[in-house]
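Topology and contacts: notes
If you want the building blocks of each chain, they are given just below.
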Amino acid sequence: MYFAVGWPKLLQVVHRDSRLVHISANCDRMLFVVLTQSTIGIWFCKPAVEIVSYRRSSCSIGDLGTNEMAQWKPDSSKIAVTTSKGYIIFYQIEFDKNNAKQTIFRKREDRPLEQRDDLDCHYVDCVPALTITMLSYLQVPGSVTGLVCLREELLVSTGRGILQRIRWSDGLVNSDLTIELASVPFSADLHHSRSSQLSNPDICIKALKYSPLLGGFTAVLSNGRAAFITARSLKFEPNEVVGVWSQEVTGATTTAVNHKYALMAFGCTSGEGVVCHLDELTGALVLSHRLVISSKDYPDAGQVCGAVSQMKWTPDGTALAMSWERGGFSVWSVFGSLLLLSIGIDTGQSISDSNSGHPKLKIKSMEWGSEGYYLWMVCERLHCTPPDGATNSSERSGSNSSVGDPSSSSPPQSQQVPGVDLIQLQFIKSSLAVNRCMTNHIHLLLQGEDRLYLNPEESSVQVFGSSPSLPQQAPSISPTAFVGNKQWHVMHIPHTYLMHNWPIRYAAMSMSGHNVAVAGKTGLAHYSLSSRKWKLFGNETQERDMVVTSGGLTWWRDFICVACYNLLDQRDEIRFYPRDCKLDNTFAHVTRIPSQVLLMNTYVDLLIVLCADCHIVLYSVQQKRIQHTPTIALNKIQEFALNKIQEFAIENFVPHPANVVAVMLTSLRTDAGSAKVASESKEAESILINVAGRLLLFQTDRSASAGKAANDREKWLTFNPPVIVASSVESMWLNAHSSHLKPHLTEALWLGCGAAGMKVWLPLQPKDEGIKSKGFLSKRIMLPFTIDIYPLAMLFEAGIILGANSEAVSYPSHGDTPDDCWPYLQLERTSQVYLHHILRQLLRRNLGVHALEVARSCTDLPYFPHVLELLIHEVLEEEATSKEPIPDALLPRVVAFVEEFPEYLQTIAHCARKSDVAVWQYFFTVVGNPVDLFQECLMSKRLYTAASYLIILQNLEKSCLARQHASLLLDAALEQFAWDLARDLIRFLSAIDPADDEESSTAMRRVRQNSTSKYPVHYPSPPVTPEDSDPYMYPPVVRGRSISKDDPGKDSSKAKEKSKTFARGDSFAGSKSRHTSGGLDSPDKMNVDAILNRHACRLLSSYRLFDLACFAANLEDYQLVSWLRKERLRSAKIDDFVSALKKLHEDFHWPLPILSLGALRHISSVASLESHSSLMDQGSQRSKLEGLEASSASSSVDKLTSNSANVSDTDAVGVRPEDGSLPPAEYSDAGSLLEEVDSIDSSSWSDAVYLSELDQLSIDLVNRGPAESDLRLRYLFQILVEAGCLEWSALVTLILRDSVLFLRVLTMASQTDAPPEAILRLNNGLAAFEAWTNTDCPGYRPFQIGLQPHIAILKDIKPKSCTSTQRVNLPKCSNNFALDESFSKFGRSGENEVGSQLKCERNMADTADVNHSGQEKSDQGCVVS
């Protein structure tokens, strides 16, 4: 619960000419005595300054010896100092009444200083002015080995084995109570074992600690044994003293006692710490836990650090600081969880010596400061030399310096005696350490001396979600939104409050997380995260007259509940302050309590209070709904009511009320009953009490309360004897609100048990509670599990534990001294998933049904697949690496459990990939053959999961089988448009070496037997996790070729720039790849090419030209043009012209053309002209065709400017029909204006002038497809023409309704070696197209009528036979680079932006189309006339 932060501070001691040897704090830890060999200094805690120093004379040192240890009197008025020659010197500490100039001193009240009997620092606001005077000294026979305080006496252990009691009043020995260690009987326990005395009279006590709650001393003997010395009475008469051996401790060196948890800690020569507790039944010392540095934290820590030298518990008893003789220190939680390890911090050379590997700091003495916020240490620097220019310490004034501060220009200088320093390390702690209220269990809240650290998840939501000044309320954030965030929301306490009330003692956050309340030395303050404002007492007197006791403070709705002591009236009270009103006693509801409140908590509308008389009191809290009126403030007090319900004693179950750590009302029960009713009612059913780590459950007696009336509130709770739920409990978490979606997690009791990890008391809720189980089944089960972090808060529904950790940040050294590179410790939040631990424990106990219910309630979590992976991985590593045979293996049950979820195949693959190859044989004997799992992935279309299995098969099977499975996966990836996976599989297939087939079987047998084998490094691994992106949005590819060899626009500089811009060297039209894994003619390359060609044939045969374009644009090294040349008579042929055209419309989102009402009237008159047009001279038609082709380029340039406005940048979203029919009404397009219909004479369109302009504009917008599709189709036309695919080229011209492009098809058919069957199929297709337009799609009729002369020419073309393929000279285009770039991001559903060059190309084609249409109109007009 304690975490170090910031830089350690080096405190400079004034007037020190000898080594520091010891530090000790008084009872309230506000004053410290710092001993050197010759001086005694009194320090104040805040600010850390030396108040007064007493220097012993050289004569005194020579006669009495040097200083060694010091002990405060309980009232802080005297100090006893032991010397090396066996003397005890007594010093008097008093207020300096005469010299007030030495330090600042202010009285809190007007009472004279003479009336004060002791030095009580609670009555001062600033540093007091003190004097130190030597009173007397006393010689002790033998050396002084131990020193403890017993109220008005001082107990001293000597080197002769004697315990003497010296009175503080006169400094004399009480000889009647002197105890000789040789006469004390020791036994293994207090009740049953036979006792015996020490056989060696020379044995003495080396270390001694006293605990009034335990009623005895913990002692470390000179022979290395540890014991507990007690007596029948508190007077410790010599004849009543007995001792109990600790059987678990050997080689003891030091000891420390935890009063609150009744624990005794012993340090050993092995470097370990042993913590014991006294058994109540037998009276024996029972081992609680061990403090051992694991090899994961620091290997061989015991040998490096040596024996334990110092052990100190924090003031609240929740943490233990332990140091070693060879250097280094650590901080542990109360039950053994490691919180801080100095030798494990990555600090450069600040703590670890780079030469020897030993720690650099040897702690000679240490002490915790006020509230545990500082750890004071007297440290000796090992292997260090004094820096140059060191000055005498007597010339310096007392001040603080931060070691390693980057703002400091030079490092702090050493003292006159180098190597020993006084260091102060700052800590922060969890609010649960001292204030275990219910509201703090659901929020991550840490507190420091002057600031608070809040969970960023809570603060970010509340700060921006509830402020009335903000314009909008922030949306709700999921519980897992900030799990990975390591930042903190730090709130500084106002200086006006801390000036008189330092430090902060208690802190509590409201249930909603909107408000925080803190309490210091006196009074309290609260903060609103919504308004970002603090509220303090307006009346300072009221603030000074109230001291918050150990009961702390908590929230009930909008009220602050405070357990306090009224200094003015000298009584204990419980106060409720409303949050919305001023912080004033006028608005508070005050209830008097007969004794001091030790603990306090709320549950729904109940308040439970534990008092110092060991009584528990229950109150009902009510807030009356009264309308606010502008009357006096007393009316607001009447709105609140606190009524006492019940009071009962627990002294029979608790050894001392101070041992009670926490008390809580819950709805938990262990007996039978309806869990559904209990969860819905949420009535108080039991009381949980943590007594020194043992969790007791007091359940209500339902049989006793059944006969009482419902309105009887006096004795409505009758409790049964307690049941011990768990032991070694540090913290507990219970959700205040249960969820019906996740009842197991929200209604469970979570326990933090230190080194034992965590425990969860999980409810077992059957589906049908009405059906009685045949066998016995408890309603709850305790499940233990280990975690890697220290738990501080629970996200119940998210399945996450939140914690904190101190991380070190090293800064460069400013000099050559070893203290220049201290680490800066920063606080980081940690988190861990715990769900897989619960599932594993349930499966181990054969509770798979309940495990399945828990898991199914958490399937909505984003990291649920990771939970399944962790579940399998941990069980696999444990069982596969076990040296002993496992009789009842858990892995088969875990695998069968994971198989119930759809993530099964993915989980198995990922777990295998993250495990060592040596465990695969055991793993796959349980989960099944990986080949079957691979095929199952293919059948369920989980391609990326199948890729993971492919890597596994590569290591388990021969290369030929891996190649076969990779080929199957490649086919599936191509069919599912998984282009990234397809590219990786192509590289994977190309990298397989056929020579490995002979050696793979033998090598894999060797891999399975050798645990140190690794994955083959020469096999590339395809990705196993798909990216969350559109599968049809592709990365840009580099085009390494142009459309035509005679392209004048080809520029080398642009090509270089394009190669730098795009990542891949792919070529859509078929260029050579820049890098290939194997040779061009290798068998693997031919196999890959065969797979790709087969898929391309399948696409083109099914008329999926769009998918073929995506396929070629997203695969490396595919030669599309050359493949189309080879397949133009096979898979590139079109058997059904109309179906192919419909498919193009569907894939490119291109609407079928429609006609206006006026155009429909003229269709019949235009059709009558077809017979007359067929009588035209064929020669004149050919001359007209050549003239149109020659003038197309020049006319398009002239019309470029005027037609550029017809292109719109808005991409239309076409509706893809389900069937083959494409009714025009289903398409809506806003791409560009409709170009003029070709081949219609002027007389036939004379009525179009009378059409409405709005109607014509609507028709034009509907008939034009998206601009992106237009560019893609025109680019595909260039590829198809170059490949010689007549049918597909003509089909593209039809969908574009572009007569200029159709003329290029005629030119290609007449000037090249066009196959006769291709021309025949083209004529048949055009005839089918004409029939289809006449019956089903009249929108194509104008364009089809205009193509009749060209179709007639096509029918008369006779193919020429030639020995070589003739290249078509296409019209020159200056922006082939832009056209080539248009398909660099070719995708199925991606509508990408295009550049101005692309629009220019399209406009040129449209212009040529319009000019040619106008010319044909005039020609047809002449024929008709």
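Residues numbered from 1 in each chain as written. Predicted model: local features only at pLDDT ≥ 70, side-chain atom pairs only at ≥ 80, totals over all residues. Heavy atoms only, no water.

1. Let's talk about the confidence of the model for the protein
- Per-residue confidence for the protein gives a mean pLDDT of 76; residues scoring 70 or more make up 69%.
- A low-confidence stretch, residues 769-776 stays under pLDDT 50, and its non-local contacts, those more than four residues away or across chains, total 3 contacts.
- The model gives residues 1361-1425 a pLDDT under 50, and that stretch makes 167 contacts with residues more than four places away or in other chains. (pLDDT = per-residue confidence, 0-100. Contact = heavy atoms within 4.5 Å.)

2. A short note on helix 24 (residues 1120-1127)
- Residues L1120, V1121, W1123, L1124 and E1127 constitute the buried set of helix 24. Taken around the axis of helix 24, the buried residues stretch over an arc of 160 degrees, which confines them to a single face. (Buried < 20%, exposed > 50% of the residue type's maximum accessible area, 1.4 Å probe, protein only. Helix = DSSP H or I, 4+ residues; strand = E, 2+ residues; numbered from the N terminus. Arc of directions from axis to C-beta.)

3. Regarding the packing of helix 25 (residues 1137-1147) against helix 33 (residues 1286-1296)
- Across the interface, helix 25 lies against helix 33 with an axial gap of 10 Å and an inter-helix angle of 55 degrees. Classed by the angle they form, the pair helix 25 and helix 33 counts as oblique. For the crossing formed where helix 25 meets helix 33, the hand is right-handed. In this structure, helix 25 contributes F1137, A1140, L1141, L1144 and H1145 to the contact, and helix 33 contributes E1287, W1288, L1291, L1294 and I1295.
- Partitioned by chemical class, the residues of the contact of helix 25 with helix 33 number 8 nonpolar, 1 polar and 1 charged. (Axes fitted to C-alpha atoms, helices over the stretch in contact; angles between N-to-C directions. Parallel < 35°, antiparallel > 145°, perpendicular 65-115°, else oblique. Left-handed = near helix turned anticlockwise from the far one by under 90°. Nonpolar A, V, L, I, M, F, W, Y, C, P; charged D, E, K, R; others polar.)

4. Comments concerning the pattern of salt bridges
- Applying the stated criterion across every chain, the model contains 38 salt bridges.
- A salt bridge links D75 to K73; the nearest nitrogen and oxygen atoms lie 3.8 Å apart.
- By relative accessible area, which is 11% here, K73 ends up buried.
- Put simply, D316, E371, K429 and R505 are held in one network by salt bridges that share partners. (Salt bridge = Lys/Arg side-chain N within 4 Å of Asp/Glu carboxyl O.)

5. Some points on the sheet that holds strand 17 (residues 216-221)
- The strand order across the open sheet formed by 5 strands is 15-19-18-17-16, and the pairing between neighbours is mixed. This sheet does not close on itself; its edge strands, each paired only once, are strand 15 (186-187) and strand 16 (205-211).
- By the bridge criterion, 5 bridges tie strand 17 to strand 18 (residues 226-230) in an arrangement that is antiparallel. Paired with G216 across the strands is T230, a residue of strand 18. (Pairing = 2+ DSSP bridges.)

6. A word on the nonpolar core
- W750, F897, L1108, F1111, L1124 and W1288 are the most contacted members of the largest nonpolar core, which totals 197 residues.
- Residue contributions to this core peak at 9 residues, all from helix 17 (residues 943-956).
- When near neighbours in sequence (up to four residues on either side) are disregarded, L1108 contacts A1096, L1099, L1100, L1120, W1123 and L1124.
- Of all hydrophobic cores here, the second largest spans 55 residues; its members include V420, L452, I504 and V516. (Core = buried A, V, L, I, M, F, W, Y, C linked by side-chain atoms within 4.5 Å.)

7. Details of a negative patch on the surface
- Together, E899, E900, D932 and E936 line one region of the surface with negative charge.
- Structurally, the position occupied by D932 is in helix 16 (residues 930-939). (Patch = residues over 30% accessible without salt bridge, like charges linked within 9 Å, V, L, I, M, F, W, Y side chains within 5 Å. Areas by Shrake-Rupley, 256 points an atom, 1.4 Å probe, with all protein chains shown as cover. Lys, Arg positive; Asp, Glu negative; His and termini not counted. Charge placed at Lys NZ, Arg CZ, Asp CG, Glu CD.)

8. What to know about the packing of aromatic side chains
- This structure, assessed with the given rule, holds 34 aromatic pairs.
- An angle of 40 degrees between the planes, with centres 6.1 Å apart, marks the rings of W556 and F559 as tilted.
- Given a relative accessible area of 9%, F559 falls into the buried group.
- Considering the side-chain rings of F576 and F640, the 4.5 Å spacing of their centres and the 40 degrees angle between planes classify their relative orientation as tilted. One end of the pair, F576, is in strand 41 (residues 571-578); the other, F640, is in strand 46 (residues 640-649), with 64 residues separating them in the sequence.
- The exposure class of F576 is buried, given its relative accessible area of 1%.
- By relative accessible area, which is 6% here, F640 ends up buried. (Phe/Tyr/Trp six-rings, centres within 6.5 Å; stacked < 30°, edge-to-face > 60°.)

9. A few points about unusual backbone geometry
- Cis geometry is adopted by the peptide bond preceding P47, which originates at K46 and carries an omega value of 0 degrees.
- Residue P503 is bonded to the preceding W502 through a cis peptide linkage, with omega at -5 degrees.
- Relative to the helices and strands, P503 resides in the loop between helix 4 (495-501) and strand 35 (506-509).
- Phi at R532 takes a positive value of approximately 55 degrees, unusual for a residue other than glycine.

10. Observations regarding the pairing of strand 53 (residues 758-763)
- Counting buried residues in strand 53 gives 6 out of 6 residues, a clear majority hidden from the surface.
- Of the two faces of strand 53, the one holding M758, V760 and L762 and the one holding K759, W761 and P763 are both buried throughout.
- Where strand 52 (residues 749-752) and strand 53 come together, 4 bridges link them in antiparallel fashion. Paired with W750 across the strands is V760, a residue of strand 53.
- Between strand 52 and strand 53, which follow one another and run antiparallel, lie 5 residues, and G754 among them has a positive phi close to 65 degrees.
- Inspection of the sheet shows strand 53 paired to strand 54 (residues 780-785) by 6 bridges, in the antiparallel sense.

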